[in-house]
Structures are given as C-alpha cells and as structure tokens.
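So the chains spell out like this:
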Amino acid sequence: MRGLFWKAMGSVGYVIQYACVAHCTFEYLGDFVLCSGPSMEPTIYSDDILLTEHISARMNRIDRGNIVIAKCPSNPKQNICKRVVGLPGDKIRIGFNNYEIVPRGHVWLEGDNSGNSSDSRNYGPVPQGLIRSRAVCRVWPLKDIKLLTN
C-alpha cells in the first residue's frame, strides 16, 4: 500500500512539473490565439488560429507592419488582433487634413478591413504595455497555413 502511495505521489509530481513548464511556455514564450471578427480580413478570418510569440512584446521590439494581439483599450477583458501602423513619433493621417502624432510609449493599431474595424481611429494611440504578443503564423485552417511576419 505504501509503495502505491509513493508511486501516485511521483506521478502527481510529474504532472505538476509539466503544468509549470506549459504555463511558463504559454505565458512567456508564445501561445495559440483564436481570432474572431472581420477586422483583419482578408489577412486573418474569424476562427483562424494563430501562433504568437511574447518575446518581442516584452522587449518592445514591435515593428511597423507586425500583427499583434493586445488588450482592448476600451474593454480590458477583450483581446484585439490588429496591425501596427504607427510607432512612437510617427505622424498618422486621419481624414483629409487631420494628423495625429503617436506619443512616446504608444503605437497606432488598425485592422486590415478598414471599413469594419474598431481600432486606433476610434480609441486613439494604444499604450505599448497593452500589447501581449506578435503573430508569427496562421496554423488553422491547415489549408491556409501562412507566415505573418514581415
């Protein structure tokens, strides 16, 4: 009986170790994201699954043109998937004669489907601290696997 107990405890230990490794991997290295909504069409469609990496966001190595996953500035419980259009100091054209300069520590995010996207044109520059990860590739559906890096 005692041997069975220690064998079970050893198995529980392995499960805890693997859970810790999985947590650290998904929290600090990268994870999978299910996208929903039409704002990034035709690049990304609703129900596409993306492989993302967290290192670029944590080291502030986000570049213009990257597709990022960020916390929504108007609803922090929601994540958004948008393209980085402007970096700190960039002059962004809004309308015909209006311009906005992206402040330090912020980025300008827009969806590829400009007619159907709630983005920085609605809520302004997004703090870089809200960016969670950078999309690397689309992994689902399998017939549409594609790298999303520049």
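Higher on the page you've got the structure.
Presented here is a report on the structure given in the accompanying data block.

**A few points about unusual backbone geometry**
In step 1: Glu41 connects to Pro42 through a cis peptide bond whose omega is 5 degrees.
In step 2: Locating Pro42 in the fold gives a position in the loop between β1 (30–34) and β2 (49–53).
In step 3: Residue Trp140 is joined to Pro141 through a cis peptide bond whose omega torsion reads 5 degrees.
In step 4: With respect to the element layout, Pro141 can be found in the loop between β9 (131–140) and β10 (146–147).
In step 5: A positive phi angle, near 75 degrees, is found at Asp47, a position not held by glycine.

**Quick notes on the packing of aromatic side chains**
In step 1: All told, the structure shown has zero aromatic pairs when counted by the stated rule.
In step 2: If you follow Lys91 out to its NZ or CZ, it ends over the ring of Tyr99, 4.8 Å from the centre.

**Details of the pairing of strand β6 (residues 98–101)**
On a regular strand, each side chain points to the face opposite its neighbour's, so the side chains alternate between the two faces of the sheet.
In step 1: Bridge count between strand β5 (residues 91–94) and β6: four bridges; the pairing is antiparallel. Bridge pairing in β6 links Arg93 to Tyr99.
In step 2: Remark: three residues form the turn of the hairpin made by β5 and β6, two consecutive strands paired antiparallel; Gly95 in that turn has positive phi of roughly 80 degrees.

**Focus: the environment of Arg132**
In step 1: Looking at the element boundaries, Arg132 is found in strand β9.
In step 2: The exposure class assigned to Arg132 is partly exposed, which follows from its relative accessible area of 30%.
In step 3: Spatially, the C-alpha atoms of Arg132 and Pro73 are 13 Å apart, while their sequence positions differ by 59 residues.
In step 4: With residues up to four places along the chain from it excluded, the contact list for Arg132 reads Asp31, His54, Ala57, Ile69, Ala70, Lys71 and Asn79.

Rules used throughout
- Residues numbered from 1 in each chain as written.
- Predicted model: local features only at pLDDT ≥ 70, side-chain atom pairs only at ≥ 80, totals over all residues.
- Heavy atoms only, no water.
- Helix = DSSP H or I, 4+ residues; strand = E, 2+ residues; numbered from the N terminus.
- Phe/Tyr/Trp six-rings, centres within 6.5 Å; stacked < 30°, edge-to-face > 60°.
- Lys NZ or Arg CZ within 6 Å of the ring centre and 35° of its normal.
- Pairing = 2+ DSSP bridges.
- Buried < 20%, exposed > 50% of the residue type's maximum accessible area, 1.4 Å probe, protein only.
- Contact = heavy atoms within 4.5 Å.

Interpretation in functional terms is not warranted from these geometric data alone.
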